[in-house]
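Geometric and topological summary
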Amino acid sequence: MGQIVLNVPDQIVKEMKQAYQSYLKPSPPGAIFSAKVNAITITGYKSGKVLFQGGNPEFEATKWEKHMVEPGDGTGTKNASKLTHNYYPDQALLSQSIIGSDEAGTGDYFGPITVAAVYAEAKQIDLLKELGVRDSKNLTDQSIQQIAKQMLLLNLPYSLVVLHNPKYNQLQQQGWTQGKMKALLHHTAISHVLDKLGTTKPAGIVIDQFCQPEVYLRHLKSENKQLPEQTYFMTKAESHSIAVAAASILARARFVQEMARLSKQVGFELPKGASAKVDQVAARLIKQHGMVKLKEFAKLHFANTTKARNYLN
Ligand code: MG
């Protein structure tokens, strides 16, 4: 559950109470008002402090952000600016025809990073929901495969890019951060979809946010790339946008397939994640195939490599 605190003049707290007139509910002690809009609870206090709590408090907080005053305790500005940057999408955009993008495999020691971008038309949203498209974190790997298969039958314009381990390790050694790799992979996938769309212009592009937009822009700039028009960033976007959820499913499905392929190649199962079990399997891989082979299967700069070597000593 998210929370944003804004500090505003008390006149604005009164205006807010007016604005949320039809959503008011009993307010806690000391509060001027409390209201519930969709899943967001808004509570305004005499001090000028206003709390926005719930699934996605940004949707309401952004409306009032411009009235913010210097907070007494230093928390207000920080919380708000961190969550409500200039690239935050309007809620209305999320139900329009947009491109969504998301990735998988970034926290896993074994296997590639996969990034997918998908264009879903507004009229396809209900059907995609019916197919079970939702945040892939709430789905089993098996159902992700099934949903991905069904989704592809709809012929949605999409792109899937895979950064295999040898290339990942090479870029990492050249000084690329994982953030930079992700930024460029998202950019590549989105550009492919824009190319496929030709003259059709999406209402917007929503990227599941993994870093501050300024950082993303800096990565693009360092490789002479430009952010396409109408690009927005949102954390947990896969739970708010069907296009991003669809992208998260395609990315995850491909990651799972790649893991199965790599496991077959090495002759035993490569576990997902980066746990102690992963260290043991990495040690086994080094023992059987040598360090040279490890770089074809793993993200070498993860601490798991050192831990695996320690197992062997
Ligand atoms: Mg994501």
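Please refer to the structure placed before this passage.
Description of the structure in this document. Predicted, not measured: the structure shown is a model, and the values here were computed from it.

Moving on, we come to the overall build of the protein chain. What the protein chain contains, in helices and strands, is 12 helices and 10 strands. C-alpha extents for the protein chain along the principal axes are approximately 70 × 50 × 40 Å. Every one of the 313 residues in the protein chain was classed for burial, and the buried ones make up 49%. Total accessible area on the protein chain stands at roughly 15,400 Å², and carbon and sulfur atoms take up 49% of it. Each charge class in the protein chain was averaged separately, 37 positive and 26 negative side chains, and the resulting centres sit 6 Å apart.

Within helix α12 (residues 304-312), the full set of buried residues consists of Asn304, Thr305 and Ala308. The buried residues of α12 occupy one face: seen down the axis, they fall within an arc of 100°. Residues of α12 that are buried make contact with α10 (276-289) and α11 (291-294).

We now examine the coordination of the magnesium ion. Around the magnesium ion, the donor atoms from the protein are Asp102 (OD) and Asp208 (OD), and they sit 2.0 to 2.2 Å away. One end of the pair, Asp102, is in strand β6 (residues 98-104); the other, Asp208, is in strand β9 (residues 204-208), with 106 residues separating them in the sequence.

Bringing helix α6 (residues 165-173) into the picture now. Buried within α6 we find Asn165, Tyr168, Asn169 and Leu171. Buried positions in α6, seen along its axis, are confined to an arc of 165° and lie on one side of it. Buried positions along α6 lie against β7 (113-120), β8 (158-163), α7 (178-197) and α9 (242-266). Downstream of α6 by one or two residues, Gly175 has phi in the positive range, about 105°.

On to the environment of Trp176. With respect to the element layout, Trp176 can be found in the loop between α6 and α7. Under the relative-accessibility criterion, Trp176 is labelled buried at 16%. When the C-alpha positions of Trp176 and Asn155 are compared, they lie 34 Å apart, and in sequence the two are 21 residues distant. Apart from the residues lying within four places of it in its own chain, the contact partners of Trp176 are Leu171, Met181, Leu184 and Glu223.

This paragraph deals with the sheet that holds strand β2 (residues 24-25). Spatially, the five strands line up as an open sheet ordered β1-β5-β4-β3-β2, and their pairing is antiparallel. Looking at strand neighbours, the two that pair on one side only are β1 (2-7) and β2, the edges of this open sheet. Bridge count between strand β3 (residues 31-37) and strand β4 (residues 40-45): six bridges; the pairing is antiparallel. Paired with Ala35 across the strands is Ile42, a residue of β4. Across the face of the sheet, helix α1 (residues 10-19) comes into contact with β2, β3, β4 and β5 (49-54) while running at roughly 40° to β3.

As a further point, take the pairing of β8. Burial of β8 is one-sided: the residues Ser159, Val161 and Leu163 facing one way are buried, the residues Tyr158, Leu160 and Val162 facing the other way are not. In this sheet, β8 lies alongside β7 in antiparallel orientation, the contact comprising six bridges. Note on β8: the bridge partner recorded for Ala116 is Leu160.

The subject of this paragraph is the packing of helix α5 (residues 141-152) against α9. For the pair α5 and α9, interaxial distance at closest approach is 9 Å and the crossing angle is 120°. The handedness of the crossing between α5 and α9 is left-handed. In this structure, α5 uses Asp141, Ile144, Gln145, Ile147, Ala148, Met151 and Leu152 to contact α9, whose residues at the interface are Ala246, Ile249, Leu250, Arg252, Ala253, Val256 and Gln257. Of the residues that constitute the contact of α5 with α9, the class distribution is 10 nonpolar, two polar and two charged.

Note that His187 resides in helix α7. Aside from chain neighbours lying at most four places away, what touches His187 is Tyr216, Leu220, Lys225, Gln226 and Pro228.

Calculation notes
Residues numbered from 1 in each chain as written. Predicted model: local features only at pLDDT ≥ 70, side-chain atom pairs only at ≥ 80, totals over all residues. Heavy atoms only, no water. Helix = DSSP H or I, 4+ residues; strand = E, 2+ residues; numbered from the N terminus. Buried < 20%, exposed > 50% of the residue type's maximum accessible area, 1.4 Å probe, protein only. Areas by Shrake-Rupley, 256 points an atom, 1.4 Å probe, with all protein chains shown as cover. Lys, Arg positive; Asp, Glu negative; His and termini not counted. Charge placed at Lys NZ, Arg CZ, Asp CG, Glu CD. Arc of directions from axis to C-beta. Contact = heavy atoms within 4.5 Å. Donors = N, O, S within 2.8 Å, 3.2 Å for Na, K, Ca; no water. Pairing = 2+ DSSP bridges. Axes fitted to C-alpha atoms, helices over the stretch in contact; angles between N-to-C directions. Left-handed = near helix turned anticlockwise from the far one by under 90°. Nonpolar A, V, L, I, M, F, W, Y, C, P; charged D, E, K, R; others polar.

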